[in-house]
Amino acid sequence: MITAVARRVASGVIVLWAAATAAYLALLAAPGDIVDSIIGDGADTPQIRAQIIAEWHLDRPAIVQYLDYLFRAAQGDLGRSYLLQRPVGDVIGEQILPTVQLALAAAVVGVALALVLAVTTRNRWARRVSSTAELVIVSTPPFLIGIVLLSVFSFRFGMFPVSGDQGWAALVLPAVTLGLPIAGVLAQVLRDGIDRALDEPFTVTARARGLTERAVLVRHALRHALIPAVTLLGWLSGVLIGGSVIIEQVFGRPGLGQVTLQAVGNGDMPVVLAVVVLAAAAFVVINTAADLAYLLIDPRLRRS
C-alpha cells in the first residue's frame, strides 16, 4: 500500500511538472513582449523599460527564469501578476470560490441526471429517445446550450437572473448548461455498463434468490456499472475546469474564467501558469480519488 501511494504521489508530481512546463513554453513562444505587457497603457521610456527588466529579472537566460519559477512554485510562491501588480495567490483566491461552486453544482446535476436516465430508460423506445437526446446534447457546444437556456428561462419567462452571482438562482442555468453534456456521456456509459452487468452470473443468482428486477438493477447491476463511469472522473474534471471558463463568460459570472481570459489576452504569464498548475492539481486529486473509489465499489479489487 505504501509503495502504491508513493507511486501515485510521484506520478502526480510529474503531471504537475509537465503541465507547468508545457504552459511555460507555450507562453514563452507566444507573440508579444513581457515588458510591453507590464507597461500596458502607461508611460513607455527606455528608463522605465530598464527598470522593469531589472525588477522582474528579465535579463536572465530563459532556462534560469524557468528553474527559478519551478523553485518558487514548489514553495507555494506563484509570483506577482504583471497586469494587476498583486500576488497571484491573492488574485486566484478571490475568484476561485465562484468557479468551485459552479463546478460542484454542474457535477451534481450531471451525475444525478445520468443516474436517473440510465436506470429509468430500460425499454427500447425510452432508450432510443434518451440516446438521441444525449447525442444531441453532447454534440452541441456548451455556450450554445447556455444561450438557449438564457433566451428561454431568463429573457422570455424571467425565471432566473440574466447574469451575475446573486444567490442560488443565478447558479441554476450555468450549472445545468455545464452539467448536461456530462450527463449525456455518463448516461451512455452507465447504461452500457448496466446491460453488461445484467448478463453476469451474479445477477442470475440474485434473481434466483427472489429479488425483483428493480432490486437487481439498483443494488447489483448499477454498482457494477459505476466502475467504467468512475474512470471518466479525469475527463469530468477537465470538462468542468475548461467549461467553467466559457460558461462564466456567457452568464457574466465572476470566477477564474474572466481572470484567465484577461491574463491570456494581456500576456500575464504568472496568472496563466497558476491557473494551469491549479487545473493540473485538481486533475491529479480527482484521479487519485477515482483510484480509491474503485476499492469501495468493487470488493474484488481489494483482494487483488
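Predicted model only: the values in this text are computed from it and were never measured.

### A word on the domain arrangement of the chain
Here the chain is partitioned into domain 1 (1-87) and domain 2 (90-301). One C-alpha centre belongs to domain 1, the other to domain 2; they are set 32 Å apart. Between domain 1 and domain 2, the contact holds 21 residues from the first and 21 residues from the second. Contact between domain 1 and domain 2 buries roughly 2,000 Å² in total, counting both sides, with carbon and sulfur atoms accounting for 71%. When residues of domain 1 are sorted by the area they lose upon contact with domain 2, Arg8, Leu27 and Leu83 head the list and together hold 26% of the total.

### A short note on the packing of aromatic side chains
Per the counting criterion, the structure on display carries two aromatic pairs. Between Tyr24 and Tyr66 the ring centres are 5.4 Å apart and the planes differ by 55°, which places this aromatic pair in the tilted class. Of this pair, Tyr24 sits in helix α1 (residues 2-29) while Tyr66 is found in helix α4 (residues 62-74), placing the two residues 42 residues apart along the sequence. On the numbers, 5.9 Å between centres and 20° between planes, the contact of Tyr24 with Tyr69 is stacked. Of this pair, Tyr24 sits in helix α1 while Tyr69 sits in helix α4, placing them 45 residues apart in sequence. Neither residue differs from the other here; Tyr24 and Tyr69 are each classed as buried. An aromatic cluster of at least three residues, connected via ring pairs, comprises Tyr24, Tyr66 and Tyr69. The ring of Trp125 is capped by Arg128, whose NZ or CZ atom sits 5.0 Å from the centre of that ring. Positioned above the aromatic ring of Phe157, the side-chain terminus of Arg156 is 5.8 Å from the ring centre.

Conventions used here
Residues numbered from 1 in each chain as written. Predicted model: local features only at pLDDT ≥ 70, side-chain atom pairs only at ≥ 80, totals over all residues. Heavy atoms only, no water. Domains from an automatic or database assignment. Contact = heavy atoms within 4.5 Å. Buried area = accessible area lost by both parts, 1.4 Å probe. Phe/Tyr/Trp six-rings, centres within 6.5 Å; stacked < 30°, edge-to-face > 60°. Helix = DSSP H or I, 4+ residues; strand = E, 2+ residues; numbered from the N terminus. Buried < 20%, exposed > 50% of the residue type's maximum accessible area, 1.4 Å probe, protein only. Lys NZ or Arg CZ within 6 Å of the ring centre and 35° of its normal.

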